[in-house]
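Listed below, chain by chain, are the residues.
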Protein chains: 4
Amino acid sequence: MVDDLDEFARTVFEGQKFSAHLEAKLGPVSAGKAEISIELKEFHKQQHGFAHGGVVSYLADNSIAYAGGLAMGGNALVSEYKINYVRPGVGKTLVARAEAIAVGRSQAVCQSRVYGVAEDGTEKLCAIAQGTVVPAPDP
Amino acid sequence: MVDDLDEFARTVFEGQKFSAHLEAKLGPVSAGKAEISIELKEFHKQQHGFAHGGVVSYLADNSIAYAGGLAMGGNALVSEYKINYVRPGVGKTLVARAEAIAVGRSQAVCQSRVYGVAEDGTEKLCAIAQGTVVPAPDP
Amino acid sequence: MVDDLDEFARTVFEGQKFSAHLEAKLGPVSAGKAEISIELKEFHKQQHGFAHGGVVSYLADNSIAYAGGLAMGGNALVSEYKINYVRPGVGKTLVARAEAIAVGRSQAVCQSRVYGVAEDGTEKLCAIAQGTVVPAPDP
Amino acid sequence: MVDDLDEFARTVFEGQKFSAHLEAKLGPVSAGKAEISIELKEFHKQQHGFAHGGVVSYLADNSIAYAGGLAMGGNALVSEYKINYVRPGVGKTLVARAEAIAVGRSQAVCQSRVYGVAEDGTEKLCAIAQGTVVPAPDP
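Residues numbered from 1 in each chain as written. Chains lettered and ligands numbered in written order. Predicted model: local features only at pLDDT ≥ 70, side-chain atom pairs only at ≥ 80, totals over all residues. Heavy atoms only, no water.

Peer 1: Whenever I open this one, the overall build of chain A confuses me. Can you help?
Peer 2: From N to C terminus, chain A includes 3 helices and 6 strands. Sequence-ordered secondary structure for chain A, helices as α and strands as β, is α-α-β-β-α-β-β-β-β. Its C-alpha atoms give chain A a radius of gyration of 14 Å, within 12% of the compact-globule value 14 Å for 139 residues. Here the C-alpha coordinates of chain A stretch approximately 45 × 25 × 25 Å along the principal axes. For chain A, long-range pairs separated by at least 24 residues make up 62% of all intrachain contacts whose partners lie at least 6 apart in sequence. (Helix = DSSP H or I, 4+ residues; strand = E, 2+ residues; numbered from the N terminus. Rg over C-alpha atoms; globule rule 2.2 N^0.38 Å. Contact = heavy atoms within 4.5 Å.)

Peer 1: How should I be thinking about empty space enclosed by the protein in this particular structure?
Peer 2: Rolled over the atoms, a probe with the dimensions of a water molecule shows which regions are left empty. Residues and elements named next belong to chain C. One pass over the structure, following the stated rule, counts 1 cavity of 30 Å³ or more. Space inside the largest cavity adds up to approximately 40 Å³. If you go around the largest cavity, the residues you meet are R87, P88, G89, V90, L94, G116, K124, L125 and C126. The element that contributes the greatest number of residues to the lining of the largest cavity is strand 6 (residues 123–135), accounting for 3 residues. Residues that form the lining of the largest cavity fall into these classes: 5 nonpolar, 2 polar and 2 charged. (1 Å grid on protein atoms, 1.4 Å probe; cavity = no way out; pocket = protein on both sides within 12 Å on 5 of 7 lines; lining within 4 Å. Points joined across faces, edges and corners; volume = space filled by probe spheres on them. Nonpolar A, V, L, I, M, F, W, Y, C, P; charged D, E, K, R; others polar.)

Peer 1: Is there a simple way to think about the relation of the copies chain B and chain A in this case?
Peer 2: Turning one copy of the chain about an axis and sliding it along that axis gives the other copy, so a rotation and a shift relate them. By a simple turn and slide, chain B fits onto chain A: the slide is 0.0 Å along the axis, the RMSD is 0.0 Å, and the turn is 180 degrees. Taken together, the rotation angle and the small translation identify this as a two-fold axis. By C-alpha distance to the rotation axis, the residue of chain B lying nearest is B:K82, at 1.9 Å. Taken as a fraction of all interface residues of chain B, those also at the interface in chain A reach 100%, which identifies the copy contact as same-surface. (Least-squares fit on C-alpha atoms with pLDDT ≥ 70 in both.)

Peer 1: Would you mind going over the pairing of strand 3 (residues 76–85) of chain B with me for this structure?
Peer 2: A large share of strand 3 of chain B lies buried, amounting to 9 of its 10 residues. One ladder, built from 5 bridges, connects strand 3 (residues 76–85) of chain A with strand 3 of chain B; its direction is antiparallel. Within strand 3 of chain B, the residue paired with A:I83 across the bridge is B:Y81. In the sheet, strand 3 of chain B pairs with strand 6 (residues 123–135) of chain B via 9 bridges, with the strands oriented antiparallel. Within strand 6 of chain B, the position partnered with B:Y85 by the bridge is B:A127. (Buried < 20%, exposed > 50% of the residue type's maximum accessible area, 1.4 Å probe, protein only. Pairing = 2+ DSSP bridges.)

Peer 1: Explain the interface of chain D and chain B to me, please; I cannot follow it from the model alone.
Peer 2: Buried accessible area, meaning the area lost when the parts come together, often serves as the stated size of an interface. On the chain B side, the residues contacting the 16 residues of chain D number 16 residues. For the pair chain D and chain B, the summed buried surface comes to about 1400 Å²; carbon and sulfur atoms form 52% of the total. The interface formed by chain D and chain B holds 2 salt bridges in total. There are 12 residue pairs in polar contact (both at pLDDT 80 or more) connecting chain D and chain B. Contributions of two or more residues to the side of chain D that touches chain B are made by strand 3 (76–85), strand 4 (93–103), strand 5 (108–117) and strand 6 (123–135) of chain D. Examining the composition of the side of chain D that touches chain B, we find that 5 residues originate from one element, strand 6 of chain D, more than from any other. Tallied by class, the residues present in the side of chain D that touches chain B amount to 8 nonpolar, 5 polar and 3 charged. (Buried area = accessible area lost by both parts, 1.4 Å probe. Salt bridge = Lys/Arg side-chain N within 4 Å of Asp/Glu carboxyl O. Polar contact = N/O pair within 3.5 Å; in protein donor to acceptor, adjacent residues only side chain to side chain.)

Peer 1: What is the right way to read the pattern of salt bridges from this model?
Peer 2: Under the criterion given, the structure shown has 36 salt bridges over all chains. Salt-bridge contacts for A:K92 lead to A:E39; the nearest nitrogen and oxygen are separated by 3.8 Å. Of the two residues, A:K92 sits in the loop between strand 3 and strand 4 (93–103) while A:E39 sits in strand 2 (residues 33–39), which places them 53 residues apart along the sequence. C:D6 is the partner of C:R10 in a salt bridge, and the nearest nitrogen-oxygen pair spans 3.0 Å. Note that C:R10 and C:D6 are positioned in helix 1 (residues 5–14) at a spacing of 4 residues, about one turn of the helix. For C:R10, a relative accessible area of 27% puts it in the partly exposed group. Linked by salt bridges that have partners in common, A:E80, B:K82, C:K82 and D:E80 make up one network.

Peer 1: Explain the environment of A:D120 here, please?
Peer 2: Along the polypeptide, A:D120 turns up in the loop between strand 5 (108–117) and strand 6 (123–135). A sequence separation of 28 residues divides A:D120 from A:K92, and the C-alpha atoms of the two residues are 9.1 Å apart.

Peer 1: Explain the confidence of the model for chain A to me, please; I cannot follow it from the model alone.
Peer 2: Note: predicted coordinates in regions of low pLDDT should not be interpreted at a detailed level. The predicted model of chain A has a mean per-residue pLDDT of 96, with 98% of residues at 70 or higher. Among the prediction metrics, the complex's ipTM stands at 0.96, with pTM recorded as 0.97. (pLDDT = per-residue confidence, 0-100.)

Written out as structure tokens, the structure is:
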């Protein structure tokens, strides 16, 4: 079990080169909760000008990983998840908020909601996800 | 219904700025089948040096979109999918191969498998996905 | 759109012979919400004496169908869902509570939680589900 | 690891009172493969005269449990799965065929397809599922 969840989470996040490539930012975290956001740029988009599903999926997957990992108190991996896209990913920013719903020793089942946030702060739900986080094997 | 599926698929793919940002390549496509690959670079990785789940998810999501869209013959969207990660995403290249399993007018249910391909061409399964593709509303 | 959601829901439920075969009961319903419960009997069990996954799945699937159908105001079908079992299905009763999270004209994405309820009323979460409800084609 | 997979599977199946309540039959099994079928009766149906989604789900869930458990060689549980219904469950019989796709020590990821079988033996795909099987804790 790590002592300082916030520091632990930020150190892991800085080690994720893919998160940097997407210009993602880790927001507030706590045991069983995590927020990750992306300010939308042209390179995040698909052919219709919306955020690509891969961007929304990244946010869901990674927010679930942090919520579950922090709930279990250490290194963790998403073993599986499902996502429903419910509205195009538009706005100034996309933000994913995940929460661990059922936490045990061997897994944490988490849910995440991804919102498109407009310039004025209005949020619209654009995806809902549910997945399983498991402790990572020691490196 | 579009006439030339291959040309249609490549035009749509070129319009996906996020696919370019990930340096993804559209492989062979046909009605109900699609392949997308990524040569792994540092920027695709997570903290343990494996491909980030977001990269694997992108490949699953997007290959499902193409397999389903081409099965239905036009613009399409993934409405939902689930993915099981079964092995770390490692290798020279990751390749996703998707197939439409059940195609109707209002949806195509597809499956995709993502493989890590070593320098010598050996493939190892790293993820399995299943999802729903629906026709895109006219722009 | 039906006028009396409660009456509509109960009429549909009475038409489900499988629900009667499982001795399931429709609890309170409203637009976007539904509860279904089963008092556990021997015939609901698997080899370890817990409720069979098929019983828990039935509760998740059917509660999602009602929450989504009532949110959209008419006959509806579950097109897909996923479920995570998080604890054995034990107790005097299993109860599923579903809610429509994102409702549009063509689909309602819903979540359901299934609880085992002890003799003294204590509830323990035993499964979490997420799925898509679509309007049923006219018969 | 059990010695005789077929005998083991049949003994477990006989212990499932819910399977008996649904009049389900365990078909051929082997390491990583399992078939379960149900001859459709009135009590399996929903309000439109099709097999209830709970029946189709039971078949998917339980066939996945057997395919995964037999692949890992012992008692096992489904920890999660997702199912896409693609056609109404109709016919003389419903049959689910599951296969373990990726088998490790701690999990087996499996897929199942559920078919409606007509009097003349013609099969129509009615659902596709994917899920995770984990070893059961010792009783």
